[in-house]
Every structure is written in C-alpha cells, then in structure tokens.
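Descriptive structure summary
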Amino acid sequence: PIVRELGAINTISFTPNGNFATNTDAVAVEEILTRYKTEYKNIHLVLLGAGVMARVTMLVAKKLKLELVQLPRHSTSDLAQVDLNQYRKASAQN
C-alpha cells in the first residue's frame, strides 16, 4: 500500500474486522491525476515543492506512469524565475 511507501498516514479507521490506516491525500491525488490522465493526452506534471504532498504526488504519478519534473521550492523560491515553457514544450512533443 502507498502508506508503507510514504511512511505517512492521516486516517485510522476502527472496524469490527480490525484497524485500517490510509492516507486520504494519496487517495485524492490519485483520483485527480487519474481524471487528468483521461481528459488530457500527453500530460506532463511540474511539481512545486518537496514536502509530504510532493512525495504523495510523486508516488501516485509513478503508479499512473505520468511524467513528472520536481522543482523544490527551497531551490526556486522565486517562481517568476522558472521558465515553465520548457516543460510545456516537452509535454507538447509527447
């Protein structure tokens, strides 16, 4: 399960059959990216950040076989300096 890979849970359900842990952020990201993958051909993701949500998104993107480039915010704090056109062109070629 993705919670093992992440090492992060945010919900624990107590049921008569035992406890169930999950990461609802991962569930939501997978639902959104699956829909985007269906709606947009040749989708290419540019991920801003390096925190837990970035890890969630990277794992889900890998699972869905989506292309992804990560730009950690600490190395690119001024997003005005980022040329997103280079990523748009790479996506258009696919």
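The structure contained in this document is the topic of the report that follows. (Residues numbered from 1 in each chain as written. Predicted model: local features only at pLDDT ≥ 70, side-chain atom pairs only at ≥ 80, totals over all residues. Heavy atoms only, no water.)

On to the overall build of the protein chain. Looking only at helices and strands, one finds four helices and four strands in the protein chain. Helices and strands in the protein chain line up, N terminus first, as α-β-β-α-β-α-β-α. Counting over 94 residues, the protein chain shows a buried share of 27%. Considering only contacts in the protein chain between residues 6 or more positions apart, those separated by 24 or more positions represent 46%. (Helix = DSSP H or I, 4+ residues; strand = E, 2+ residues; numbered from the N terminus. Buried < 20%, exposed > 50% of the residue type's maximum accessible area, 1.4 Å probe, protein only. Contact = heavy atoms within 4.5 Å.)

So, about the pattern of salt bridges. Once their charged atoms are close, side chains differing in charge can pair, the charge on each being opposite to the other. Taken as a whole and judged by the stated rule, the model has one salt bridge. Residue Glu30 pairs with Lys63 through a salt bridge whose shortest N-O separation is 3.0 Å. Taken together, the positions of Glu30 in helix H2 (residues 24-39) and Lys63 in helix H3 (residues 52-63) put the pair 33 residues apart, joining distant regions of the chain. (Salt bridge = Lys/Arg side-chain N within 4 Å of Asp/Glu carboxyl O.)

What follows deals with the pairing of strand E4 (residues 67-71). In this structure, strand E3 (residues 44-48) lies alongside E4, joined through five bridges in parallel fashion. Bridge pairing in E4 places Leu47 opposite Gln70. Since E3 and E4 lie parallel, the crossover through H3 that links them has a hand, and here it is right-handed. (Pairing = 2+ DSSP bridges. Right-handed = clockwise from strand over helix to strand, strands pointing away.)

This part is about the packing of aromatic side chains. Applying the stated criterion across every chain yields a total of one aromatic pair. Both rings, one in Tyr36 and one in Tyr40, keep their centres 5.8 Å apart while their planes meet at 75°; by these two values the pair is edge-to-face. Given the relative accessible area of 34%, Tyr36 is considered partly exposed. In this structure Tyr40 comes out as partly exposed when scored by relative accessible area, which is 44%. (Phe/Tyr/Trp six-rings, centres within 6.5 Å; stacked < 30°, edge-to-face > 60°.)

What follows covers the side chain of Asn23. Topologically, Asn23 is positioned in the loop between strand E2 (18-22) and H2. Here Ala8 takes part through its backbone oxygen, which lies 3.2 Å from a polar atom of the side chain of Asn23. Every residue in contact with Asn23, bar those within four places of it in the chain, is listed here: Val3, Leu6, Ala8, Ile9, Asn10 and Val56. (Polar contact = N/O pair within 3.5 Å; in protein donor to acceptor, adjacent residues only side chain to side chain.)

All right, on to the packing of H2 against H3 then. It is the contact of H2 with H3, at a shortest axis distance of 9 Å, that shows an interaxial angle of 45°. With respect to H3, the element H2 is oriented oblique. In terms of crossing hand, the pair formed by H2 and H3 is right-handed. Contact residues: H2 offers Asp25, Ala26, Val29, Glu30 and Leu33, while H3 offers Met53, Val56, Thr57, Val60, Ala61 and Lys63. (Axes fitted to C-alpha atoms, helices over the stretch in contact; angles between N-to-C directions. Parallel < 35°, antiparallel > 145°, perpendicular 65-115°, else oblique. Left-handed = near helix turned anticlockwise from the far one by under 90°.)

We now examine a nonpolar patch on the surface. A cluster of nonpolar side chains, contributed by Ile9, Ile12 and Phe14, occupies part of the molecular surface with about 340 Å² of accessible area. Along the chain, Phe14 falls in strand E1 (residues 11-15). (Patch = residues over 30% accessible without salt bridge, like charges linked within 9 Å, V, L, I, M, F, W, Y side chains within 5 Å. Areas by Shrake-Rupley, 256 points an atom, 1.4 Å probe, with all protein chains shown as cover.)

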